[in-house]
Amino acid sequence: MSRRFEVRLWVAQRATAVVLAACVVVHLAVIIYAVRGGLTAAEILGRTRGSVAWGVFYAVFVLAAATHGAIGLRTVAAEWLGFRGRAAEWTMAAIGLVLLALGLRAVFAVVAA
Amino acid sequence: MSARRNHAGWWAFLAHRISGVALALFLPVHFLALGTALNGEAALDGFVKWSEQPLVVAAEWVLITLLGAHLAGGLRVLALEFLPWRGWQKTLAALAAAFALAAGLVFALAR
């Protein structure tokens, strides 16, 4: 892959890391708040259903996580498994798209369904 | 053990990488579990009830600790790359480990 492509992936990995850092802090706080005294679907959906703010937050979270995860797995596959080249790029893209699709489906399920 | 591997920075790198792979593998499962809400509140509640088994709660604790480790380890990497703090590498690694354990413990106490 070209040097420019590698630089773009590096920038995307760092940019999504910054977004994810903020999202994960919020996510951890919500998890710890939500599990006190037991977790129920009613409690989860009561917080998220119809909420544009949570919908946007989780959609951004999913987009950043799918991008970050796919690029990270590509790096690990290259360095630890020697899996590089066009097949690795397509695999990375497929993993990113599957994560994005499953993630947005989950966001839709808890916010809009 | 080689000098390279007996270094806080190497262990921090390894923890960051392993936690990242584990979280990437867990994400699809997490998304599929939340997706059960497409079949109604009762379907999601069934999954929530299933997740109250001790082994699943223990796995959740491991995941929260891994999430805390990956977050803190990632902030350490960003600080090393973008801030002039290289002499603080061991301190940052220790802070990352402490944050991960703290996240896991707070979750365990709350759960």
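Cut-off values and rules
- Residues numbered from 1 in each chain as written.
- Chains lettered and ligands numbered in written order.
- Predicted model: local features only at pLDDT ≥ 70, side-chain atom pairs only at ≥ 80, totals over all residues.
- Helix = DSSP H or I, 4+ residues; strand = E, 2+ residues; numbered from the N terminus.
- Buried ≥ 20, exposed ≤ 12 C-beta atoms within 10 Å, placed from the backbone.
- Contact = placed C-beta atoms within 7 Å.
- Rg over C-alpha atoms; globule rule 2.2 N^0.38 Å.
- Axes fitted to C-alpha atoms, helices over the stretch in contact; angles between N-to-C directions.
- Parallel < 35°, antiparallel > 145°, perpendicular 65-115°, else oblique.
- Left-handed = near helix turned anticlockwise from the far one by under 90°.
- Nonpolar A, V, L, I, M, F, W, Y, C, P; charged D, E, K, R; others polar.
- Expected span 1.5 Å × (residues − 1).

Asker: An account of the overall build of chain B is requested, with residue identities and associated values reported.
Answerer: For chain B, the count of helices and strands is four helices and zero strands. For chain B, the sequential pattern of α-helices and β-strands runs α-α-α-α. Residue burial in chain B is summarised as follows: out of 111 residues, 29% are buried. At a minimum sequence separation of 6, the contacts of chain B that also span at least 24 residues come to 75%.

Asker: Before we move on, could you go through the overall build of chain A and cite the residues and values that matter?
Answerer: Counting its secondary structure elements, chain A contains four helices and zero strands. What you see in chain A, going N to C, is helices and strands ordered as α-α-α-α. Computed over C-alpha atoms, the radius of gyration of chain A comes to 17 Å, more than 25% over the 13 Å expected from 2.2 N^0.38 for 113 residues, which places it beyond the range of a compact globule. Dimensions of chain A, computed from the C-alpha atoms along their principal axes, are close to 50 × 25 × 25 Å. For chain A, with 113 residues in total, the buried portion stands at 27%. Considering only intrachain contacts with a sequence separation of at least 6, the fraction spanning at least 24 residues in chain A is 79%.

Asker: Before we move on, could you go through the interface of chain A and chain B and cite the residues and values that matter?
Answerer: At the interface, 28 residues of chain A touch 28 residues of chain B. Where the side of chain A that touches chain B is concerned, the elements lending two or more residues are α1 (3-35), α2 (41-48), α3 (52-81) and α4 (86-111) of chain A.

Asker: Residues and numbers for the packing of helix α3 (residues 54-82) of chain B against helix α4 (residues 89-110) of chain B, please.
Answerer: When two helices pack together, their arrangement is captured by the angle between the axes and the distance separating the axes. Residues and elements named next belong to chain B. Close contact between α3 and α4 brings their axes to 8 Å; oriented N to C, the two are set at 155 degrees. In terms of axis orientation, α3 runs roughly antiparallel to α4. Both α3 and α4 take part in a crossing whose hand is right-handed. Packed against α3, whose contacting residues are Trp 61, Ile 64, Thr 65, Leu 67, Gly 68, Ala 69, Ala 72, Gly 73, Arg 76, Ala 79 and Leu 80, the element α4 presents Gln 89, Leu 92, Ala 93, Leu 95, Ala 96, Phe 99, Ala 100, Leu 101, Ala 103, Gly 104, Phe 107 and Ala 108 at the interface. Among the residues making up the contact of α3 with α4, the classes are represented as 17 nonpolar, five polar and one charged.

Asker: Can you lay out α3 of chain A for me, pointing to particular residues and giving the numbers?
Answerer: Its 30 residues give α3 of chain A an end-to-end C-alpha distance of 42 Å, which sits within 8% of 44 Å, the value for a rise of 1.5 Å per residue. Once α3 of chain A finishes, Gly 82 of chain A follows within two positions and takes phi at roughly 70 degrees, a positive value.

Asker: For the packing of α3 of chain A against helix α1 (residues 8-35) of chain B, give the residues involved together with the corresponding values.
Answerer: For the pair α3 of chain A and α1 of chain B, the least separation of the axes is 10 Å and the interaxial angle reads 125 degrees. Judged by the angle between their axes, α3 of chain A and α1 of chain B are oblique. The two elements α3 of chain A and α1 of chain B cross, and the hand of that crossing is left-handed. From α3 of chain A, Ala 65, Gly 69, Gly 72, Leu 73 and Val 76 of chain A reach across to α1 of chain B, where they touch Arg 17, Gly 20, Val 21, Ala 24 and Leu 27 of chain B.

Asker: Account for the environment of Arg 3 of chain A, naming residues and giving values.
Answerer: Relative to the helices and strands, Arg 3 of chain A resides in helix α1. Through-space distance from the C-alpha of Arg 3 of chain A to that of Ala 29 of chain A is 39 Å; in sequence the pair is 26 residues apart.

Asker: Summarise the environment of Trp 61 of chain B; cite the residues concerned and give the values.
Answerer: Residues and elements named next belong to chain B. Following the sequence through the fold, Trp 61 ends up in helix α3. Residue classification places Trp 61 among the partly exposed residues on the basis of 16 C-beta atoms within 10 Å. Sequence separation between Trp 61 and Ala 108 is 47 residues; the distance between their C-alpha atoms is 6.4 Å.

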